[in-house]
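# Summary of the model geometry
These are the residues of each chain, in order.
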Amino acid sequence: MYTQGLDQRGDGKAAADRPELLARFQEKVDAEEKIEPKDWMPAEYRKTLVRQISQHAHSEIVGMLPEGNWITRAPTLKRKAILLAKVQDEAGHGLYLYSAAETLGVSRDELVEQLLTGKAKYSSIFNYPTLTWADIGAIGWLVDGAAIMNQIPLCRCSYGPYARAMVRICKEESFHQRQGYEIMLMLSRGTDAQKDMAQDALNRWWWPSLMMFGPGDADSKHTAQSMAWKIKRFTNDELRQKFVDVTVPQAEFLGLKVPDPDLRWNEETGHYEFGEIDWEEFYQVLKGNGPCNRERLEARQKAHDEGAWVREAAAAYADKQARRRAAA
Amino acid sequence: MTEATNNEQLFEYVVRIADNALVTGQRLGEWVGHGPELEEDLALANFALDYIGQARALYTYAGEIEGAGRSEDDLAFLRDSHEFRNVLLVEQPNGDFAQTIARQFLFEAYYLRLLDALASSNDERLAAIAARAVKEIRYHLRHTRQWVIRLGDGTGESQRRMQDAIDRLWQYTGEMCTADDIDSWAAESGIGPVPESLRDDWNAFVDDALSEATLARPGNEWMASGGKEGRHTEHHGYLLAEMQFLQRAYPNSTW
Amino acid sequence: MDRKHWPLFEVFIRSRAGLSHRHVGSLHAADADMALDHARDLYTRRSEGVSIWVIDSKSIVASDPDDNPELFEPAEDKIYRHPTFYEVPDGVENL
């Protein structure tokens, strides 16, 4: 059923050779029916999903690192508990997503391997450093805010296991954004040093957060096909605009200044206009030249390597137990 | 004894339990994002959360006993190393996964028994906190005991690592079941157990797990002590420096 | 058999007494005991359950979607199995 050894159902054959299957598949998708693991699906659909779901899972796992940095330094016991619970949720979300990806016939080991060798990507936002406590607030507020914007439409994704994982994730995620905003609120109502900390965090996280929605629609390779397959429901630019529209008033409430001289409200369109994103920076970070790309992957590699003997020992013990039971 | 000295002793007694919980939670928190497998990462974070929750309840109560207006955070972040009363075992570094498991197992085998006894303390507040914590720690211990056995009876490498970890930490296990004045006061007042009364049970439980794990009980019977008096190992200062940094660097701020 | 990698388990949770266990997802564990612990941490962090089942994913036997026409369609025209098929005259109660 949900095993790695899942039968691939012959979809390796080009979809063009199976016009009747392809037509039936698209009909189901158009009718908003869900595609389930053992159903026939075009190989490209499967590939797209594996890429997207595993990127998403990797992002959750790598995303634990910048925030995990501050678990041991959280300023109060309450904040420590909240941050622990939040980072733990992220591990959970990574697991829900890996398990959704595994229904497509790829194993966790392969996915982890792809992450560690740099073959698979994760959200470039996590290659930025968390320098102060305010960054924990900014991540919750902006990064999780942007993530939620991306994720809510995914609850209606055509692939059943992914959609179900996203329902669970979105339910849990809303506390993440609120706790982040609460941290920012405390800081912006606090001492001058705390206010500076909050403004500095907004300055550093604003643009990378806008980049989280991906390249502009004109440069987005996969958007059209993903929309036809109902993996994606809105374009990158639509979601980015929505994010700016809801976030700017939240920043104003905090008394913080969004670091964009071109930002202005357009009465006619009912939207904010904002400045040009530095796409060169985006592609450089994606390529591995962000401030923390190496540290993040090294940390994952280290955990993987140092955990190897533990995983082997547990497997060896399970085998011994199984043999003992068989002999008894 | 006067009410005032009673309060001082009760404060001391509650704070040492809270310090054990906080220091343990802080150590477990260091694991998050670095566990040997994602599922285990989640388990370690859960344990850390339980400990932080216990520390908060206990510090809040200690602050009320003291009556000087100190909050849970004042007690956690604004005391120096010599004022911390945690046992030396819990401040020991995480080391490899075996060392963390060994530390948790040896401590929780004691802590569960302590909490069990405290659940019937004649101090109602402490009894209520313990009754809640006992459920959490019973689960932890089940999990850590399984790991001691898996690693001990797993591969050659895991057995070596697990044995090393037990050997290394063994000298810190004596302090837990050895009474000092505060423990004796608590026992006489019906607030807590006589620590020595937990020892046989601790020994039996630990021996049983070690033997199932094909591990040897260390022969070394020399025991270190000092944690309950505020004399800690070198590791303690670093742990506090990291944990207390924000409160120390930005005093009188609200977070 | 030498396994370096932990196998996959499927997890079923009973959310409260009176309801049946429902499939919630999967996880990896070296053995069933560990799978139960992990299921508790992963799928009941917010009090979502009162009982957990875990089963080695390989032990599940599933029907094949290609067989759906012969498995499920024959039931579709037996509408007389459903109570709404029958007309109850006005005035007749408790039926």
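None of the values given here were measured: they were computed from a predicted structure.

## Regarding the interface of chain A and chain B
One frequently used descriptor of interface size is the decrease in accessible area upon assembly of the parts. At the interface, 45 residues of chain A touch 49 residues of chain B. Taken over both partners, the interface formed by chain A and chain B buries close to 4,000 Å², and the fraction arising from carbon and sulfur atoms is 69%. The largest contributions to the chain A side of the interface with chain B come from Thr72(A), Leu77(A) and Trp309(A), which together make up 20% of the buried area. At the junction of chain A with chain B, the criterion picks out four salt bridges. In this structure, Asp153(B) and Lys320(A) form a salt bridge, with 3.1 Å as the shortest nitrogen-oxygen distance. Linking chain A with chain B are 16 residue pairs in polar contact (both at pLDDT 80 or more), by the criterion used here. Contributions of two or more residues to the side of chain A that touches chain B are made by helix 2 (43–68), helix 3 (77–102), helix 6 (160–188), helix 7 (192–211) and helix 11 (293–327) of chain A. Among the elements that line the side of chain A that touches chain B, the one with the most residues is helix 11 of chain A, at 14 residues.

## So, the sheet that holds strand 3 (residues 51–56) of chain C
Residues and elements named next belong to chain C. Ordered in space as 2-1-3, the three strands form an open sheet in which the pairing is antiparallel. Every interior strand has two partners, whereas the edge strands, strand 2 (22–28) and strand 3, have only one. Adjacent strand axes in the sheet meet at a mean angle of 30°, parallel and antiparallel pairs treated alike. The pairing of strand 1 (residues 8–14) with strand 2 spans six bridges and is classified as antiparallel. Residue pairing across strands places Phe12 opposite His23, the latter belonging to strand 2. Set on the sheet, helix 1 (residues 32–43) makes contact with strand 1, strand 2 and strand 3; between it and strand 2 the angle comes to about 115°.

## Some points on a negative patch on the surface
A surface patch of like charges, here negative, comprises Asp67(C), Glu70(C), Glu73(C) and Glu76(C). Its location among the elements puts Asp67(C) in the loop between strand 3 and helix 2 (68–72).

## What about the confidence of the model for chain A?
Scored by pLDDT, chain A has a mean of 93; 95% of the residues are at 70 or more. Contacts of residues 1–10 of chain A to residues separated by more than four positions or lying in other chains number 34 contacts, the stretch itself having pLDDT below 50.

## Overview of the pattern of salt bridges
Under the counting rule described, the total for this entry stands at 43 salt bridges over all chains. Of the charged contacts in the structure, one is a salt bridge between Arg46(C) and Asp89(A), with a shortest N-O distance of 2.5 Å. Of the two residues, Arg46(C) sits in the loop between helix 1 and strand 3 while Asp89(A) sits in helix 3, which places them in two different chains. The class for Arg46(C) is partly exposed, based on a relative accessible area of 35%. Judged by its relative accessible area of 2%, Asp89(A) falls in the buried class. With its nearest N and O atoms 2.8 Å apart, the salt bridge here joins Asp237(A) to Arg240(A).

## As for the interface of chain C and chain B
Taken together, the contact between chain C and chain B spans 12 residues of the former and 12 residues of the latter. When chain C packs against chain B, close to 1,200 Å² is buried across both sides, 52% of that on carbon and sulfur atoms. Summed over the three residues of chain C that lose the most area to chain B, namely Asp37(C), Arg40(C) and Asp41(C), the buried surface amounts to 43% of that side. The tally of links between chain C and chain B comes to two salt bridges. Across the pair Asp31(C) and Arg150(B) runs a salt bridge, and its minimum N-O distance is 3.1 Å. The tally of links from chain C across to chain B stands at seven residue pairs in polar contact (both at pLDDT 80 or more). Within the residue set of the side of chain C that touches chain B, elements represented by two or more residues are strand 2 and helix 1 of chain C.

## Concerning helix 3 of chain A
Given a rise of 1.5 Å per residue, 26 residues ought to cover 38 Å, and the 37 Å separating the end C-alpha atoms of helix 3 of chain A matches this to within 8%. Across the 26 residues of helix 3 of chain A, 25 count as buried, placing the element largely inside the fold.

## Here we look at the environment of Asp219(A)
All names here are of chain A. In this structure, Asp219 sits in the loop between helix 7 and helix 8 (223–228). With a relative accessible area of 54%, Asp219 lands in the exposed category. As a C-alpha pair, Asp219 and Glu273 span 54 residues in sequence and 20 Å in three-dimensional space.

How each quantity is defined
Residues numbered from 1 in each chain as written. Chains lettered and ligands numbered in written order. Predicted model: local features only at pLDDT ≥ 70, side-chain atom pairs only at ≥ 80, totals over all residues. Heavy atoms only, no water. Contact = heavy atoms within 4.5 Å. Buried area = accessible area lost by both parts, 1.4 Å probe. Salt bridge = Lys/Arg side-chain N within 4 Å of Asp/Glu carboxyl O. Polar contact = N/O pair within 3.5 Å; in protein donor to acceptor, adjacent residues only side chain to side chain. Helix = DSSP H or I, 4+ residues; strand = E, 2+ residues; numbered from the N terminus. Pairing = 2+ DSSP bridges. Axes fitted to C-alpha atoms, helices over the stretch in contact; angles between N-to-C directions. Patch = residues over 30% accessible without salt bridge, like charges linked within 9 Å, V, L, I, M, F, W, Y side chains within 5 Å. Areas by Shrake-Rupley, 256 points an atom, 1.4 Å probe, with all protein chains shown as cover. Lys, Arg positive; Asp, Glu negative; His and termini not counted. Charge placed at Lys NZ, Arg CZ, Asp CG, Glu CD. pLDDT = per-residue confidence, 0-100. Buried < 20%, exposed > 50% of the residue type's maximum accessible area, 1.4 Å probe, protein only. Expected span 1.5 Å × (residues − 1).

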